[in-house]
Amino acid sequence: MKVIIQLRSSAAAHEAAMRGVAAPEFFTGLGPTVGGISIDSEFPPVQLEGVQTTSGAGVRSLSQPLSFSLDPAQSTYLVRGSIPDGPSQAAALQTAVSHPDILGVFSDPLIESCIVCPGDPPVGKVGNVAKRLSVSKLAKKKMEGHNVFLAIVDSGINVAHLKGQDRQPKLDALNSWVPSGVGTSPGNHRVSHGTMCAYDAGIAAPKATLLDYALLLSKTPGSTAMAGLLSDAVLAYSRLRTILNGMPANKRAMVISNSWGMFSPSWDFPPGHPGNYGDNPNHPFNLIVASLEAAGADILFAAGNCGRDCSDSRCAFGSAPPICGANSHPAVLSVAGVDIKKFRVGYSSQGPGRLTAQKPDISAYTHFVGSKVYPEDGSTSAACPVAAGVVAAIRSQYPTAKLSPLQLRSLLFKTAEDKGSKGFDYDYGWGILDPGALLSALP
Amino acid sequence: MKTLIVTLRLDPRKATLKQIQAKYGLSSNEVDANYGVVSVNPDEHLYTILVTEGAANRLKGLPDVAGVYSNPRIETFGPPRKR
């Protein structure tokens, strides 16, 4: 095991530290082992300033007032070494800390860059995600999405591709929707982003009834392949509300996954303009989102890919908060992205949100090998349907009449695995979605 | 052509495109007929239509016109693109 050894002050240690490079004569003087610890002679000693509390008592907390001194007599010196692993470790450690020149022995854990960025290789596979989501526990409780509508509002689904990935999706083509002018039918669209979202939602909810809302199949001149206009989203949501209102009140269960949004504020009227979308609760799309949630739908939006560490090249928000419009709506679950090692991916957008400050709400898994639509199911685009699948799984046993969308969101927040700062923070929201803990908290 | 979303508060019995066009003098070139009239909030009798920028500017402030709003482009977030 690698360790950091804190040595008492000595003239030799100070001189070696001042040179800032490995000092062979210092290490020779120290000996190859000190108190049973092998010393790394390639690592130069590092001076650690003497520290005192204002009261003179020992340091108990880093929150108390501290003063520091570079006086060599009050300093200590750090070197690197290793102690044996296994049964002899405890005895070696005991010998080391008893040595008169050693003040302490501390772990020297492996640290590595953990920020995943666009273009980075995938981290883990869909099986890892399923394990993290406690999918087998959900299935044992018959929570797999039965009798739940799971709407994928995206660029269309290709059912044949999903079947090729060992999925047996159930698609309700009659209740699905295609914008006018699009030549393909529900379930038969080109394999793209929407198919990835459907696959990822199916990790936790393989038996949900998919609704294919191919909102982002381009029909707008000059737009990219997977773009559309917000007015189409108003139309799509109006249809979804008609379907939801047609369901018996005691059986309503509809989850809506949205992995899209704006990349540039220049596409919108500026904040403060009465026609603005991103900051304006009165925009008709923000109103219809509220209306659909009030009718009993669980609505999830991806937080976006404009994180400060390595944002998507399309992001044009500058220093302004990028989670805007419905992605920051108080009645939706805004989903940030983490990899399966539970680190936030560097491109996941951070709060505060525009419509409501406390965004994103929660984090879910992304950037793993999954649908085979892309090398990895990445972006908060994958995190959103991963979370939507979990919500749909819960809804199999808890329709809206038993647990309102607001109540379910509160339970998701309370049971999330806290990450980042204690409690809510703008990187992870309330933490990482934890269906295992959620199962224990359900009424 | 750039379009804007207009919200209208209407008697549901009069919420057809034909009636709206007649009421506000909108030509068929100014209104997206494929889009039609979409209910935003049935409890509040709130509807939207999609019109050209010029028509939207004419409608501002007229009776039962609740607002004129942006119709921004939206895109899938993924796959993430390298900067």
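Criteria and cut-off values
Residues numbered from 1 in each chain as written. Chains lettered and ligands numbered in written order. Predicted model: local features only at pLDDT ≥ 70, side-chain atom pairs only at ≥ 80, totals over all residues. Helix = DSSP H or I, 4+ residues; strand = E, 2+ residues; numbered from the N terminus. Buried ≥ 20, exposed ≤ 12 C-beta atoms within 10 Å, placed from the backbone. Contact = placed C-beta atoms within 7 Å. Core = buried A, V, L, I, M, F, W, Y, C linked by C-beta atoms within 7 Å. Axes fitted to C-alpha atoms, helices over the stretch in contact; angles between N-to-C directions. Parallel < 35°, antiparallel > 145°, perpendicular 65-115°, else oblique. Left-handed = near helix turned anticlockwise from the far one by under 90°. Nonpolar A, V, L, I, M, F, W, Y, C, P; charged D, E, K, R; others polar. Pairing = 2+ DSSP bridges. pLDDT = per-residue confidence, 0-100.

Draft legend 1. Spotlight on the overall build of chain A. Tallying secondary structure elements over chain A gives twelve helices and 17 strands in all. Taking all 443 residues of chain A together, 50% fall into the buried category. Here the contacts in chain A between residues at least 6 apart in sequence split such that 77% fall between residues at least 24 apart.

Draft legend 2. View of the nonpolar core. All names here are of chain A. One finds Leu150, Leu300, Val335 and Ala387 to be the most contacted residues of the largest nonpolar core, which totals 125 residues. When neighbours within four sequence positions are excluded, Val335 is seen to be in contact with Leu300, Ala302, Ala303, Pro360, Ile362, Ala364, Thr380, Ala383, Cys384 and Ala387. Counting residues in hydrophobic clusters, the runner-up holds 19 residues, among them Ile5, Tyr77, Ala96 and Val105.

Draft legend 3. Quick look at the packing of helix H8 (residues 230–245) of chain A against helix H9 (residues 284–294) of chain A. Residues and elements named next belong to chain A. Orientation of H8 relative to H9, taken along the N-to-C sense of each, is 15°, at an axis distance of 10 Å. In this view, H8 runs roughly parallel relative to H9, as classed from their interaxial angle. By crossing handedness, the relation of H8 to H9 is classed as left-handed. Across the interface between the two elements, Leu230, Ala233, Val234, Tyr237, Ser238, Leu240, Arg241 and Leu244 from H8 touch Pro284, Phe285, Ile288, Val289, Ser291 and Leu292 from H9. Within the contact of H8 with H9, the residues separate by chemical class into eleven nonpolar, two polar and one charged.

Draft legend 4. Region of the structure containing the sheet that holds strand S14 (residues 260–261) of chain A. Within the open sheet, the three strands sit side by side as S12(A)-S5(B)-S14(A). Their pairing is antiparallel. One side of each edge strand has no neighbouring strand; the edge strands of this open sheet are strand S12 (227–229) and S14 of chain A. Sheet topology note: the S14(A)/strand S5 (residues 73–76) of chain B ladder contains two bridges and is antiparallel. Note that in S5(B) the partner of Trp260(A) across the bridge is Thr76(B).

Draft legend 5. View of the interface of chain B and chain A. At the interface, 29 residues of chain B touch 52 residues of chain A. Listing elements by their share of the side of chain B that touches chain A, those giving two or more residues are strand S1 (3–9), strand S2 (38–41), strand S3 (46–52), strand S4 (65–69) and S5 of chain B. Among the residues forming the side of chain B that touches chain A, the class breakdown is 13 nonpolar, eleven polar and five charged.

Draft legend 6. Local environment of the sheet that holds S2(B). Residues and elements named next belong to chain B. On the basis of which strands lie adjacent, the open sheet formed by four strands has the order S2-S3-S1-S4 and antiparallel pairing. Looking at the sheet topology across the chains shown, the edges are occupied by S2 and S4. Put simply, the sheet's adjacent strands are angled 30° from each other on average, direction ignored. Bridge analysis of S2 against S3 gives three bridges, and the strand direction is antiparallel.

Draft legend 7. Examining helix H7 (residues 193–201) of chain A more closely. H7(A) sits mainly inside the fold: nine of its nine residues count as buried. If you check which residues of H7(A) are buried, you get His193(A), Gly194(A), Thr195(A), Met196(A), Cys197(A), Ala198(A), Tyr199(A), Asp200(A) and Ala201(A). Looking at the buried residues of H7(A), the elements they touch are strand S9 (149–153), helix H6 (159–164), strand S11 (209–213), strand S13 (254–258) and helix H10 (379–395) of chain A together with S5 of chain B.

Draft legend 8. Focus on the confidence of the model for chain B. Per-residue pLDDT for chain B averages 94, and the proportion of residues at 70 or more is 99%. Scoring the predicted complex yields pTM 0.80 and, for the interface, ipTM 0.92.

Draft legend 9. Representation of the environment of Val105(A). Residues and elements named next belong to chain A. Mapped onto the secondary structure, Val105 falls in strand S8 (residues 102–107). Look at Val105 and you get buried, because 21 C-beta atoms sit within 10 Å. With sequence-adjacent residues up to four places away left out, Val105 is seen in contact with Val3, Ile5, Ile37, Leu93, Ala96 and Val97.

Draft legend 10. Fine view of the packing of H7(A) against H10(A). All names here are of chain A. Here H7 crosses H10 at 40°, and the two axes come no closer than 7 Å. Considered as vectors, H7 and H10 are oriented oblique to each other. Considering the relative orientation of H7 and H10, their crossing is right-handed. From H7, His193, Met196, Cys197, Asp200 and Ala201 reach across to H10, where they touch Ser381, Ala382, Pro385, Val386, Ala388, Gly389 and Ala392. For the contact of H7 with H10, the residue count by class is eight nonpolar, three polar and one charged.

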